[in-house]
Amino acid sequence: MKVIAVIPARYASTRFPAKLMQDLGGKTVITRTYEAAINTNLFDDVFVVTDSDLIFNEIVSQGGKAIMSSKEHESGSDRIAEAVSNLDVDIVINIQGDEPFIDKNSLEKLIQVYKTDSKGEVDLASLMREITAIQDIENPNNVKVVVDQNGFALYFSRSVIPYPRENNVGVRYMQHVGIYAFRKQALMDFYSLPMKSLEASEKLEQLRYLEFGKRIKMVETNHVGIGIDTPEDLEKARRLFL
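Residues numbered from 1 in each chain as written. Predicted model: local features only at pLDDT ≥ 70, side-chain atom pairs only at ≥ 80, totals over all residues. Heavy atoms only, no water.

### What to know about the overall build of the protein
Secondary structure assignment for the protein yields nine helices and eleven strands. A compact globule built from 242 residues would reach a C-alpha radius of gyration of about 18 Å, and the protein, at 18 Å, matches this within 12%. Within the protein, counting contacts between residues at least 6 apart in sequence, those at least 24 apart form 68% of the total. Per element, the accessible surface of the protein, about 12300 Å² overall, is 46% carbon and sulfur. Placing the 29 positive and 35 negative side-chain charges of the protein at their respective mean positions leaves the two points 2 Å apart. (Helix = DSSP H or I, 4+ residues; strand = E, 2+ residues; numbered from the N terminus. Rg over C-alpha atoms; globule rule 2.2 N^0.38 Å. Contact = heavy atoms within 4.5 Å. Areas by Shrake-Rupley, 256 points an atom, 1.4 Å probe, with all protein chains shown as cover. Lys, Arg positive; Asp, Glu negative; His and termini not counted. Charge placed at Lys NZ, Arg CZ, Asp CG, Glu CD.)

So, in structure tokens, the structure goes:
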């Protein structure tokens, strides 16, 4: 089973433009993320896929591997699918370019899902963590997921799911952590399928997989990622490299 990591890297971030090219302890954020992925020793190969010549040249100049995205894409899955379409690979793990503090243990859990999936029932695997604070549960920026008894996703939503009509019934609220492990075929299928109403309404690409019958295995983690979405986040990250 050949497993690779792909790091989508857009230059034009809405909240923090050019964040991936900012300095983080003497190297750019995207280089730090690429090196962190390499250093896990979990992958047969690691690629950055980007629409930016600047980011492409940055990775290549550091001796890394980068793929230019030739098209505009509405989702990360589309961008990754284009990048891996001609690669001989079984499992593709999506690592966020603005999260240089990679949790190796969580990635190992995702890979293990496929190693034990003897029947080939899993199309995607992803992470979730429990949230308990009401402000986190009600925050539409925190995507929630509900799963069946075997850990497969039933639905993702920005709304509160399940709705707490009854209290004290043992419900746990799970936040989706947006790191995916895809079977290559699931990615290729996604690339050719249209956006339907649920995805369009919630603006969540994972709903396209569910709407077309793909199975998403959710894996629980306690890890809280350190993403760089604002200049303030970058300053916090810099202090960790001191």
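### Brief notes about unusual backbone geometry
Across residues other than glycine, the phi torsion is negative in most instances, and most of the peptide bonds are trans. For the bond from Ile161 to Pro162, the omega torsion is -5°, close enough to zero to count as cis. Tracing the chain through its elements places Pro162 in the loop between β9 (153-157) and β10 (173-183). In this structure, Ala18 is a non-glycine residue whose phi angle is positive, near 65°. Structurally, Ala18 is set in the loop between β1 (3-9) and β2 (23-24). A residue is classified by how much of its surface remains accessible, and Ala18, at 14% relative accessible area, is buried. (Buried < 20%, exposed > 50% of the residue type's maximum accessible area, 1.4 Å probe, protein only.)

### Description of the nonpolar core
Residues Ile7, Ile30, Phe43, Val48, Ile93 and Ile95 are the most contacted members of the largest nonpolar core, which totals 35 residues. Looking at which element gives the most residues to this core, the answer is helix α4 (residues 104-115), with five residues. Setting aside residues up to four positions removed in sequence, Val48 forms contacts with Ile7, Ala9, Ile30, Tyr34, Ile55, Ile59, Lys65, Ala66 and Ile67. Residues Leu124, Val143, Ala186 and Met218 belong to the second largest nonpolar core, which totals 28 residues. (Core = buried A, V, L, I, M, F, W, Y, C linked by side-chain atoms within 4.5 Å.)

### Topic: empty space enclosed by the protein
Per the counting criterion, the structure on display carries one cavity of 30 Å³ or more. Roughly 100 Å³ of internal volume is contained in the largest cavity. In this structure, the largest cavity is lined by Ile95, Gln96, Glu99, Phe101, Ile102, Asp103, Ser106, Leu107, Ile179 and His223. Taken together, the residues of the lining of the largest cavity sort by class into five nonpolar, three polar and two charged. (1 Å grid on protein atoms, 1.4 Å probe; cavity = no way out; pocket = protein on both sides within 12 Å on 5 of 7 lines; lining within 4 Å. Points joined across faces, edges and corners; volume = space filled by probe spheres on them. Nonpolar A, V, L, I, M, F, W, Y, C, P; charged D, E, K, R; others polar.)

### Description of the pattern of salt bridges
Summed over the entire model, instances satisfying the criterion amount to ten salt bridges. For the salt bridge of Glu35 with Lys27, the shortest nitrogen-to-oxygen distance reads 3.0 Å. For Glu35, a relative accessible area of 24% translates into the label partly exposed. Its relative accessible area of 30% is what places Lys27 among the partly exposed residues. Glu220 is paired through a salt bridge with Arg172; the nearest N and O atoms lie 2.6 Å apart. With Glu220 in strand β11 (residues 216-220) and Arg172 in the loop between β9 and β10, this pair connects stretches of sequence that are 48 residues apart. A relative accessible area of 31% places Glu220 in the partly exposed class. (Salt bridge = Lys/Arg side-chain N within 4 Å of Asp/Glu carboxyl O.)

### Remarks on the layout of surface pockets
The calculated volume of the second largest pocket comes to roughly 170 Å³. Lining the second largest pocket we find 13 residues, and of these Val145, Val146, Val147, Arg172 and Met174 sit closest to its centre. With three residues, the top contributor of residues to the lining of the second largest pocket is strand β8 (residues 144-147). Considered class by class, the residues forming the lining of the second largest pocket number eight nonpolar, three polar and two charged.

### Quick notes on the packing of helix α3 (residues 76-84) against helix α6 (residues 184-192)
Where α3 contacts α6, the two axes come as close as 9 Å, and the packing angle between them is 115°. Crossing geometry of α3 relative to α6 is assigned as left-handed. Packed against α3, whose contacting residues are Ser77, Asp78, Ile80, Ala81, Glu82 and Val84, the element α6 presents Lys184, Leu187, Met188, Phe190 and Tyr191 at the interface. Residues of the contact of α3 with α6, tallied by class, amount to seven nonpolar, one polar and three charged. (Axes fitted to C-alpha atoms, helices over the stretch in contact; angles between N-to-C directions. Left-handed = near helix turned anticlockwise from the far one by under 90°.)

### Considering helix α1 (residues 29-39)
Within α1, eight of the eleven residues are buried, which leaves it mostly tucked inside the rest of the structure. Among the residues of α1, Val29, Ile30, Thr31, Arg32, Thr33, Tyr34, Ala36 and Ala37 are the ones counted as buried.

### Details of helix α9 (residues 231-240)
Of all the positions in α9, only Asp233, Leu234 and Ala237 are classed as buried. One face of α9 carries all of its buried residues, which in axial projection span an arc of 100°. The outward face of α9, more than 90 degrees from its buried face, is lined by the exposed residues Glu232 and Arg239. Buried residues belonging to α9 abut β2 and α1. (Arc of directions from axis to C-beta.)

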